[in-house]
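The residues making up each chain are set out below.
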Amino acid sequence: MPYTKLLNQLIDNSGLTVKEIAQKCTEDGVKVTPAYISTLRNDTNNRAPSETMSKAIARACGSKNEDILVVEGYIDGAPEAFKSVIEFLRESALTSMLGVFANKYTKEEISIARKAVEEMPLAGLIIAMSEGKSEISKAYGTMNIKSELSDDELKTEVQLKQAIGFDVTDNSMFPTLPKGAKVTLEMCEEYKDGDILAFVNKDNTLMYRKAGFIGKDRSTVAMFPLNTEFETKVYSTDEINIIGKVVQVIVDIK
């Protein structure tokens, strides 16, 4: 979300006029005119104002985090590779959230949740993660992201704990997925026979099985364990939520 768009969003949400915001900034010790704020609302020409100015405007608008415009300014000027990483993290967070809770909400509620995450400013995502609010965990896995601002650049440190994905909690897929391993997942438009899939059943239990789709309409799927001590089950695709296919296994060697 470009700086200008985020600024307009903050101002619209505040319910204040640019004159009122300018007055609040001045009272806060940062002198700014309504005309200057209006200019920023229309176009920053890919240049953000000073950090001091951005923080003052954010505070005047009642933003929960005064750094949000500062971070967005850095993102606007960052290389595309950096933005791609953040977008990947956004999608990973979205996949985890919707996958874990899909059976608890209606399709309409899930659609609203997806839209909210997709429209969240990258600056807001980074700040939330840096404050520890980004930790996504259930019994399945954790993703932590840290970021810090310096005078000349935005430095981002990505810290992965238990992989970006999910834990293996039993030996049903041993030896391919031993208990205690970590896996990363990939979402696909269509899964194939033989894919090892992570899915959540109606009891909201995360499971891993090798898939075998049944029928031309693929409305039924047999889920095969690799360990014969566990049973094969056949599900209607409406009964389960497929989170993704396993693409990487990480085993902790002690």
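We now turn to the structure provided with this report. All values derive from a computational prediction rather than experimental measurement.

### Section: the side chain of S172
For step 1, the next point in the chain: By the secondary structure assignment, S172 is in the loop between β3 (165–167) and β4 (182–186).
For step 2, the next point in the chain: The exposure class of S172 is buried, given its relative accessible area of 1%.
For step 3, the next point in the chain: Setting aside chain neighbours within four positions, we find S172 in contact with Y208, R209, P225, L226, N227 and F230.

### Describing the pairing of strand β9 (residues 241–250)
For step 1, the next point in the chain: Where β4 and β9 come together, 5 bridges link them in antiparallel fashion. Looking at the pairing, K182 lines up with I250 of β9.
For step 2, the next point in the chain: Taken together, the 4 bridges between strand β5 (residues 196–200) and β9 define a ladder with antiparallel strand orientation. If you follow F199 over to β9, its bridge partner there is I242.

### Points about the nonpolar core
For step 1, the next point in the chain: In terms of nonpolar packing, the biggest core is built from 23 residues, with L7, I21, C25, I57, I68 and L69 touching the most fellow members.
For step 2, the next point in the chain: Within the residue set of this core, elements represented by two or more residues are α1 (3–14), α2 (18–27), α3 (34–42), α4 (51–60) and α5 (68–76).
For step 3, the next point in the chain: Setting aside residues up to four positions removed in sequence, L69 forms contacts with Y3, L6, L7, L10, S54, I57 and A58.

### Quick look at the environment of S219
For step 1, the next point in the chain: Summarising the element assignment, S219 is placed in the loop between β6 (206–214) and β7 (220–224).
For step 2, the next point in the chain: In this structure the C-alpha to C-alpha distance between S219 and T237, which are 18 residues apart in sequence, comes to 5.4 Å.
For step 3, the next point in the chain: Excluding residues within four positions of it along the chain, S219 makes contact with I214, Y235, S236 and T237.

### Some remarks on unusual backbone geometry
For step 1, the next point in the chain: In this chain, F174 is followed by P175 through a cis amide linkage whose omega measures 10°.
For step 2, the next point in the chain: Looking at the secondary structure, you find P175 in the loop between β3 and β4.
For step 3, the next point in the chain: Positioned with a positive phi, R218 is a non-glycine residue whose angle comes to about 55°.
For step 4, the next point in the chain: Looking at the secondary structure, you find R218 in the loop between β6 and β7.
For step 5, the next point in the chain: A relative accessible area of 26% means that R218 is categorised as partly exposed.

### Describing the pattern of salt bridges
For step 1, the next point in the chain: Inspection of the entire model under this criterion finds 5 salt bridges.
For step 2, the next point in the chain: Residues K182 and D167 are paired through a salt bridge, measuring 3.7 Å at the closest nitrogen-oxygen approach. Linking K182 in strand β4 with D167 in strand β3, this pair joins segments that are 15 residues apart in sequence.
For step 3, the next point in the chain: One network of salt bridges, with partners in common, ties together D28, R59 and E66.

### Regarding the side chain of N8
For step 1, the next point in the chain: In this structure, N8 sits in helix α1.
For step 2, the next point in the chain: Using a relative accessible area of 19% as the deciding quantity, one classes N8 as buried.
For step 3, the next point in the chain: One polar contact links the side chain of N8 to the main-chain carbonyl oxygen of T4, over a distance of 2.9 Å.
For step 4, the next point in the chain: Here the side chain of N8 touches R41 through a polar contact of 2.5 Å, side chain to side chain.

### Concerning the state of the cysteines
For step 1, the next point in the chain: A complete count under the given rule lists 0 disulfides for this structure.
For step 2, the next point in the chain: With no disulfide partner, C61 has as its closest neighbouring cysteine sulfur the one in C25, 7.4 Å distant.
For step 3, the next point in the chain: Judged by its relative accessible area of 10%, C61 is buried.

### Some words on α1
Count 3.6 residues to each turn of an α-helix, and residues three or four apart come out pointing the same way.
For step 1, the next point in the chain: Taking 1.5 Å of rise per residue, the 12 residues of α1 would be expected to cover 16 Å, and the 16 Å separating its terminal C-alpha atoms lies within 8% of that figure.
For step 2, the next point in the chain: The first or second residue beyond α1 is G15, which carries a positive phi of 75°.

### Regarding the environment of A35
For step 1, the next point in the chain: On the secondary structure map, A35 appears in helix α3.
For step 2, the next point in the chain: A35 gets classed as exposed once you look at its relative accessible area, which sits at 52%.
For step 3, the next point in the chain: Once the C-alpha coordinates of A35 and K19 are considered, the two residues, 16 residues apart in sequence, prove to be 8.5 Å apart.

Parameters and conventions
Residues numbered from 1 in each chain as written. Predicted model: local features only at pLDDT ≥ 70, side-chain atom pairs only at ≥ 80, totals over all residues. Heavy atoms only, no water. Helix = DSSP H or I, 4+ residues; strand = E, 2+ residues; numbered from the N terminus. Buried < 20%, exposed > 50% of the residue type's maximum accessible area, 1.4 Å probe, protein only. Contact = heavy atoms within 4.5 Å. Pairing = 2+ DSSP bridges. Core = buried A, V, L, I, M, F, W, Y, C linked by side-chain atoms within 4.5 Å. Salt bridge = Lys/Arg side-chain N within 4 Å of Asp/Glu carboxyl O. Polar contact = N/O pair within 3.5 Å; in protein donor to acceptor, adjacent residues only side chain to side chain. Disulfide = S-S within 2.5 Å. Expected span 1.5 Å × (residues − 1).

These results come straight from atomic positions and should not be treated as a statement about function.
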